Amino acid sequence: MGTVKAVLVFLSFLLFLTGKCSTNSPEIDENGYILYCPCMGRFGNQADHFLGSLAFAHGLNRTLVLPPWVEYDYSKPHSIQIPFKKYFKVEPLKEYHRVITMEEFMSELAPIIWPEGKRIVFCYGKRQWVQSKDDGGCNAKDGNPFGPFWDTFGVNFDASEFYGPLGYDSHDHRVARQWKEK
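Residues numbered from 1 in each chain as written. Predicted model: local features only at pLDDT ≥ 70, side-chain atom pairs only at ≥ 80, totals over all residues. Heavy atoms only, no water.

> I'm lost on the overall build of the protein chain in this one. Help?
In terms of regular secondary structure, the protein chain is built from six helices and seven strands. Listing every helix and strand of the protein chain by position from the N terminus yields α-β-α-β-β-β-α-β-α-β-α-β-α. Counting only residues that meet the buried cut, the protein chain has 36% of its 182 residues in that class. Long-range pairs, those at least 24 residues apart, make up 62% of the contacts in the protein chain between residues at least 6 apart in sequence. Entry remark: accessible area of the protein chain is about 11600 Å², with carbon and sulfur atoms responsible for 57%. (Helix = DSSP H or I, 4+ residues; strand = E, 2+ residues; numbered from the N terminus. Buried < 20%, exposed > 50% of the residue type's maximum accessible area, 1.4 Å probe, protein only. Contact = heavy atoms within 4.5 Å. Areas by Shrake-Rupley, 256 points an atom, 1.4 Å probe, with all protein chains shown as cover.)

> What's the story with the sheet that holds strand S2 (residues 63-66) in this structure? I'm lost.
Within a sheet, neighbouring strands are paired by backbone hydrogen bonds and run either parallel or antiparallel to one another. With parallel pairing, three strands are arranged side by side in an open sheet as S1-S2-S5. At either margin of the open sheet sits one strand with a lone partner, and together these are strand S1 (33-34) and strand S5 (99-101). In the packing of helix H2 (residues 43-60) onto the sheet, contacts are made with S1, S2 and S5, and the angle to S2 comes to roughly 155°. Against the sheet, helix H4 (residues 102-113) contacts S1, S2 and S5, and its axis sits at roughly 100° relative to S5. (Pairing = 2+ DSSP bridges. Axes fitted to C-alpha atoms, helices over the stretch in contact; angles between N-to-C directions.)

> Any chance you could explain the environment of Thr 63 here in plain terms?
Counting through the fold element by element, Thr 63 comes out in strand S2. Take Thr 63: its relative accessible area is 5%, and that puts it in the buried class. C-alpha separation for the pair Thr 63 and Tyr 33, spaced 30 residues apart in sequence, amounts to 4.6 Å. Sequence-distant contacts of Thr 63, that is, excluding residues within four places in its chain, are made with Asp 29, Gly 32, Tyr 33, Ile 34, Ala 57, His 97, Arg 98, Val 99 and Ile 100.

The following block contains the structure:
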C-alpha cells in the first residue's frame with residue numbers, strides 16, 4: 001500500500017510540473033505571446049489594431065494577449081483602461097485562435113515567463129518626438145495613453161528592441177519566418 005501511495009504522490013507531482021493538473025492557471029504557450037498597446041486613437045482605431053493583432057498572432061502561431069480598451073475621460077488627467085471583456089466575449093475568439101486577457105496574463109503568466117527585470121518592448125523605431133529622455137530606446141511609456149496603459153499592469157520595460165524595417169504581414173511566409181527568427 002505504501003508503494004501505491006508513493007506512486008500516486010509522484011504522479012500528482014508530475015502532473016503539477018507539466019501543467020496537466022486541474023488548476024485554474026492557463027498553460028504556458030511554448031510558441032510565445034503577442035502583447036500590444038492599443039494606444040493609437042479611439043475605439044475604431046483600437047478595434048482595427050485588435051483585428052490586425054489577432055491576424056498577426058494567428059499567422060505567427062502565438063497567443064494573443066487581449067489588452068484593455070483605452071478610453072478618454074477629459075475630466076481625468078490620463079486615459080482609463082476598460083477590460084476587453086466588458087465589450088466583447090472572449091470565449092468565441094478562442095474558436096479562431098488562442099487568446100488570453102491581459103489581466104489573466106499579467107497575474108498568472110507574466111511572473112513566470114515575462115518577469116520584472118526581463119521585460120523587453122519591441123518598437124518599429126525610435127519615437128523621435130518624445131522629449132522626456134533620449135536613451136536610445138523606444139520610450140514606450142512616454143505620454144498618454146502609453147504610460148497609463150502599461151502602468152495599469154505595473155509594467156516597466158528593461159530594454160528596447162527595434163524591429164524596423166521588418167513588416168507585419170505574417171501571411172507572407174517570408175515575413176513570418178523573419179519574425180520567428182527575431
